[in-house]
Amino acid sequence: MAAFKPAYLIHGDDHGRIAERRARLRGLAEAESGAAGIEVLEGDVSTPAAAAEALCAMTLTAGRRFVIADGVERWRDGDLDPLVEALRPPPPDTTVAFFAREEGRTRAPERLHQAVKAAGGEVSAERTVKPWELSKWTAQRARELGLTLEAGAASALVAAVGERQQRLLRELEKLALQRGADASLSAEAVDELVAHSVQRRAWTLADALVARDGPAALRTYAALTAQGERLESLLFQMTRRVRQALDVVARLDAGEPAAQVKRGLRMPPKAAEAFIADASRSDRDVLRRALEQLADLELDARGGRALPRETAAVRTILRLAA
């Protein structure tokens, strides 16, 4: 059974991490008390007065009560009087959690920080990590999961999966499951376990383009970008694969046996057979135009034209798969 404090304030500009912590707290609360023991304040309903009223309300629910107040970055110090009183002292068998998704000057009021601490609660900041701090942050998160990242391993992980903290955390969790508690990973091990799998997923997108399977290509591209893959790195894999398909078609057109072409591909046998079959359904002119379109997309990705990069990527994928 989890040990809950009377109050929590989770705030910061890492909105993804804050959403994860909110979902986790709610899951723990439902396991502890059931849905009937939870009151959620959101949107216009989430005010200091409403939170105070929820804390002071009588209830017949057995077990611990939970009050979750979202959007407290909009609250003001001057409106907190009833809530400060309700937390002095906090009601028994009750936990209140305040969540603030901060941006710029929009922040949880300082008086709320003080009230939570005075009630014996916990204040946690979830900050977006600067790019130059990501390796250190990654190593710290790894230690929390029982992993030790040796010299260069944290940087290798960031280079492989990108700078999104949630994506890095997911990869660390996968590594912890694969290697178990107290595992130690070198940079080479990270490359083997993570970088190659990312590359294979990018190849899936490139292979869908060669096969001219538009829906599959769009689904794969959406999944890759959602997990933090950069368009520039995907372009490298896509261009490389299309060039490889062009080489396959040229060799087949020159009369080279498919079996010999297959032996020249650095792929598993079945994957090589499928790739040759997909490439052979195209022709050199189509594949050359595909390379030109990918070059144009790279220009868009670097800001060379006015078209937004995501729009340009989707349009290019649709054209390539047509």
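As the structure is a prediction and not an experimental result, all values here were calculated from the model.

**A closer look at the nonpolar core**
Core analysis: the biggest nonpolar cluster contains 34 residues, and Leu205, Tyr221, Leu231, Met238 and Val248 have the highest contact counts within it. Secondary-structure elements contributing two or more residues to this core are α8 (187-210), α9 (214-226), α10 (231-253), α12 (269-280), α13 (284-301) and α14 (309-321). For this core, the element with the most residues is α10, which contributes nine residues. In this view, Tyr221 contacts Leu205, Leu231, Leu234, Glu310, Ala313 and Ile317; residues no more than four positions away in its chain are not counted. Ala52, Leu83, Ala86 and Ala108 belong to the second largest nonpolar core, which has 25 residues in total.

**Some points on the packing of helix α5 (residues 134-144) against helix α6 (residues 153-161)**
The geometry of α5 relative to α6 is characterised by a closest axis approach of 8 Å and an angle of 110 degrees between their N-to-C directions. Classed by the angle they form, the pair α5 and α6 counts as roughly perpendicular. Residue-level contacts link Leu134, Ser135, Thr138 and Ala139 of α5 to Ala154, Ser155, Leu157 and Val158 of α6. When the residues that make up the contact of α5 with α6 are grouped by side-chain class, the tally is five nonpolar, three polar and no charged.

**Looking at the packing of aromatic side chains**
Tallied over the full model, the rule gives two aromatic pairs. Considering the side-chain rings of Phe4 and Phe66, the 4.9 Å spacing of their centres and the 80 degrees angle between planes classify their relative orientation as edge-to-face. Placement of the pair is Phe4 in the segment before β1 (7-12) and Phe66 in strand β3 (residues 65-70), with a sequence separation of 62 residues. When its relative accessible area of 2% is taken as the criterion, Phe66 is described as buried. Pairing Trp75 with Phe98 gives two aromatic rings, centres 5.8 Å apart and planes at 75 degrees, and the pair type is edge-to-face.

**Digging into the packing of α13 against α14**
Two elements in contact, α13 and α14, have axes whose closest approach is 9 Å; the angle formed by their N-to-C orientations is 175 degrees. Classified by the angle between their axes, α13 and α14 sit roughly antiparallel to one another. Residue-level contacts link Ala290, Gln293, Leu294, Leu297, Asp300 and Ala301 of α13 to Arg309, Ala312, Ala313, Thr316, Arg319 and Leu320 of α14. Across the contact of α13 with α14, the residue classes tally to seven nonpolar, two polar and three charged.

**Details of the sheet that holds strand β5 (residues 122-125)**
What the five strands build is an open sheet, ordered β2-β3-β4-β1-β5; its pairing is parallel. At either end of the open sheet lies a strand with only one pairing partner, and these are β2 (38-41) and β5. Taking the axes of each pair of neighbouring strands and ignoring which way they run, one obtains an average angle of 10 degrees across the sheet. Sheet topology places β1 next to β5; four bridges connect them, and they run parallel. Directly across from Ile10, in β5, lies its bridge partner Ser124. Across the face of the sheet, helix α4 (residues 110-118) comes into contact with β1, β4 (94-101) and β5 while running at roughly 145 degrees to β1.

**Section: the pairing of β1**
With six of six residues buried, β1 is to be regarded as a mostly interior element. Residues Ala7, Leu9 and His11 line one face of β1 and the alternating positions Tyr8, Ile10 and Gly12 line the opposite face, and both faces are buried. The sheet contact formed by β1 and β4 spans six bridges and is parallel. The partner of Ala7 across the bridge, within β4, is Val96.

**Digging into the environment of Leu168**
Note on placement: Leu168 falls in helix α7 (residues 165-179). For the pair Leu168 and Arg22, spaced 146 residues apart in sequence, the C-alpha separation works out to 19 Å. With residues up to four places along the chain from it excluded, the contact list for Leu168 reads Leu134, Trp137, Thr138, Leu157, Val158, Val161, Gly162 and Glu163.

About the cut-offs
Residues numbered from 1 in each chain as written. Predicted model: local features only at pLDDT ≥ 70, side-chain atom pairs only at ≥ 80, totals over all residues. Heavy atoms only, no water. Core = buried A, V, L, I, M, F, W, Y, C linked by side-chain atoms within 4.5 Å. Buried < 20%, exposed > 50% of the residue type's maximum accessible area, 1.4 Å probe, protein only. Helix = DSSP H or I, 4+ residues; strand = E, 2+ residues; numbered from the N terminus. Contact = heavy atoms within 4.5 Å. Axes fitted to C-alpha atoms, helices over the stretch in contact; angles between N-to-C directions. Parallel < 35°, antiparallel > 145°, perpendicular 65-115°, else oblique. Nonpolar A, V, L, I, M, F, W, Y, C, P; charged D, E, K, R; others polar. Phe/Tyr/Trp six-rings, centres within 6.5 Å; stacked < 30°, edge-to-face > 60°. Pairing = 2+ DSSP bridges.

Read these as geometric descriptors, not functional statements.
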